[in-house]
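# Residue-level structure breakdown
Each chain, letter by letter, is given below.
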Amino acid sequence: MKNKKKIIVGLLLVVVIALAMLFVKKQSDSSQKAKVEKGSKAYTFVVVNKDGKEKVTKGKTDAKYLKNLMDEMKKDGKIKYKAQKQSMGSFVVSVNGERADFAKDKAYWRIVVNKKDAQKGIDEQPVKNKDHIEFVYTPAQ
Amino acid sequence: MSKSNHKKTLQTKEIALLGMMTATLVVAKFAFQIIPNLELVTFLIIIFAYNFGYKVIFATFAFTFLQIFQWGFNTWVAMYIYIWPLLVIIVCLMRKWADIWFFTFLTIIWGFCFGAMCSVVYVFIGGINYAISWWITGITYDLMHGVFNGVVMLVLYYPVNNAVKIVAKQYNNC
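Residues numbered from 1 in each chain as written. Chains lettered and ligands numbered in written order. Predicted model: local features only at pLDDT ≥ 70, side-chain atom pairs only at ≥ 80, totals over all residues. Heavy atoms only, no water.

### Section: the nonpolar core
Residues M21(B), F52(B), I83(B), W84(B), F103(B) and F114(B) are the most contacted members of the largest nonpolar core, which totals 49 residues. Where this core is concerned, the elements lending two or more residues are α2 (12-31), α3 (41-52), α4 (56-71), α5 (75-93), α6 (100-118), α7 (120-126) and α9 (139-173) of chain B. Here this core takes 10 residues from α5(B), the largest share from any one element. Core analysis: the next-biggest nonpolar cluster, separate from the first, contains 22 residues, M73(A), V92(A), V95(A) and Y137(A) among them. (Core = buried A, V, L, I, M, F, W, Y, C linked by side-chain atoms within 4.5 Å. Buried < 20%, exposed > 50% of the residue type's maximum accessible area, 1.4 Å probe, protein only. Helix = DSSP H or I, 4+ residues; strand = E, 2+ residues; numbered from the N terminus.)

### Things to note about the packing of α3(B) against α5(B)
Residues and elements named next belong to chain B. Their axes nearest at 9 Å, the elements α3 and α5 cross at an angle of 45°. As far as their axial angle goes, α5 and α3 are oblique. Pair α3 / α5 crosses with right-handed handedness. Touching V41, T42, I45, I46, A49 and Y50 of α3 are W84, L87, V88, V91 and C92, all from α5. Among the residues making up the contact of α3 with α5, the classes are represented as 10 nonpolar, one polar and no charged. (Axes fitted to C-alpha atoms, helices over the stretch in contact; angles between N-to-C directions. Parallel < 35°, antiparallel > 145°, perpendicular 65-115°, else oblique. Left-handed = near helix turned anticlockwise from the far one by under 90°. Contact = heavy atoms within 4.5 Å. Nonpolar A, V, L, I, M, F, W, Y, C, P; charged D, E, K, R; others polar.)

### Section: the pattern of salt bridges
Residues and elements named next belong to chain A. Scanning all chains against the criterion turns up four salt bridges over all chains. Taking the shortest distance from any N to any O, the salt bridge between D71 and K67 comes out at 3.1 Å. Of the two residues, D71 and K67 both sit in helix α2 (residues 66-75), four residues apart, roughly one turn of that helix. When its relative accessible area of 30% is taken as the criterion, D71 is described as partly exposed. (Salt bridge = Lys/Arg side-chain N within 4 Å of Asp/Glu carboxyl O.)

### Points about the interface of chain A and chain B
With 14 residues of chain A in contact, the opposing surface of chain B contributes 15 residues. Taken together, both faces of the contact between chain A and chain B bury some 1,300 Å²; the carbon and sulfur share is 83%. Of all residues in chain A, K6(A), M21(A) and K25(A) give up the largest surface area on contact with chain B, accounting jointly for 42% of the area buried on that side. At the junction of chain A and chain B, the tally comes to one salt bridge. Here D99(B) ties to K6(A) by a salt bridge, and the two come within 2.9 Å at their closest N and O atoms. At the junction of chain A with chain B, the criterion picks out two residue pairs in polar contact (both at pLDDT 80 or more). Grouping the constituent residues of the side of chain A that touches chain B by class yields nine nonpolar, three polar and two charged. (Buried area = accessible area lost by both parts, 1.4 Å probe. Polar contact = N/O pair within 3.5 Å; in protein donor to acceptor, adjacent residues only side chain to side chain.)

### Comments concerning the side chain of T57(A)
Turning to its location among the elements, T57(A) is positioned in strand β2 (residues 54-61). The exposure class assigned to T57(A) is buried, which follows from its relative accessible area of 11%.

### Examining α5(B)
Residues and elements named next belong to chain B. Under the 1.5 Å per step criterion, the end-to-end length of α5 is 28 Å for 19 residues, consistent within 8% with the ideal 27 Å. Among the residues of α5, W76, V77, M79, Y80, I83, W84, P85, L87, V88, V91 and C92 are the ones counted as buried. Where α5 is buried, its residues touch α2, α3, α4, α6, α7 and α8 (128-137). (Expected span 1.5 Å × (residues − 1).)

These results come straight from atomic positions and should not be treated as a statement about function.
This is the structure:
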């Protein structure tokens, strides 16, 4: 009788511990999966500086607009940028420490999306899957 | 030599016994080294501790020391220094409940908790979050470890424990 009680208690303990461990593992795996899946849109972000040197960054994002993507990249340390708030929206004046302020430098940061000049500012330019985004240092002509 | 000296120092027969236990542990570890987290060391330490008591802690230290020559010096050394002596202490404290079923469940739970016990070292290396994530990554192996330990205990308890009991009786009569 004593032995039976011991076996039942032991079995219960083993099963409870095993189930608890499996639960912890499953929860951890789910949260890891969620982290990996966050970012359903692939992008390539290229910065071409004054000297023509390119810095390419690739990644995944769920950002809706280009400004959201750039803020995300800034947070992750992938890019540094400064933008001025104007009536038409945000205007990028500095990327990775390189200023292209039209008034001061007679240059600007040209935004090219999928080989075409962007028609909207960073606040309204949507980010789509597999977008190829370029910020090109462009002197005024 | 006075009686009190005998209590404080290891006797020759104890050193011989500890040597044999250490050698057995080393060989047992070697036998299953290909398969991760599957080992006979837990089983043997339990049987030795049950029959010979706290002195088995010395054998665990010697075993850990010899393993350095095989595996090199790494974080596992710190883990082995507290894990195996802890097992000896638990077995010695719980001797009165000892039987095949008690040891089977002890060894299963020991296997389940092995990763958690090892992760304590990583608290000091990478912080508590690192230690927890290290433990979680190895949970599947811990579960396998526990199940294997249980099977080994059920199969080998009677034959091995009976043999070690004979040795213990002869040792105590020396």
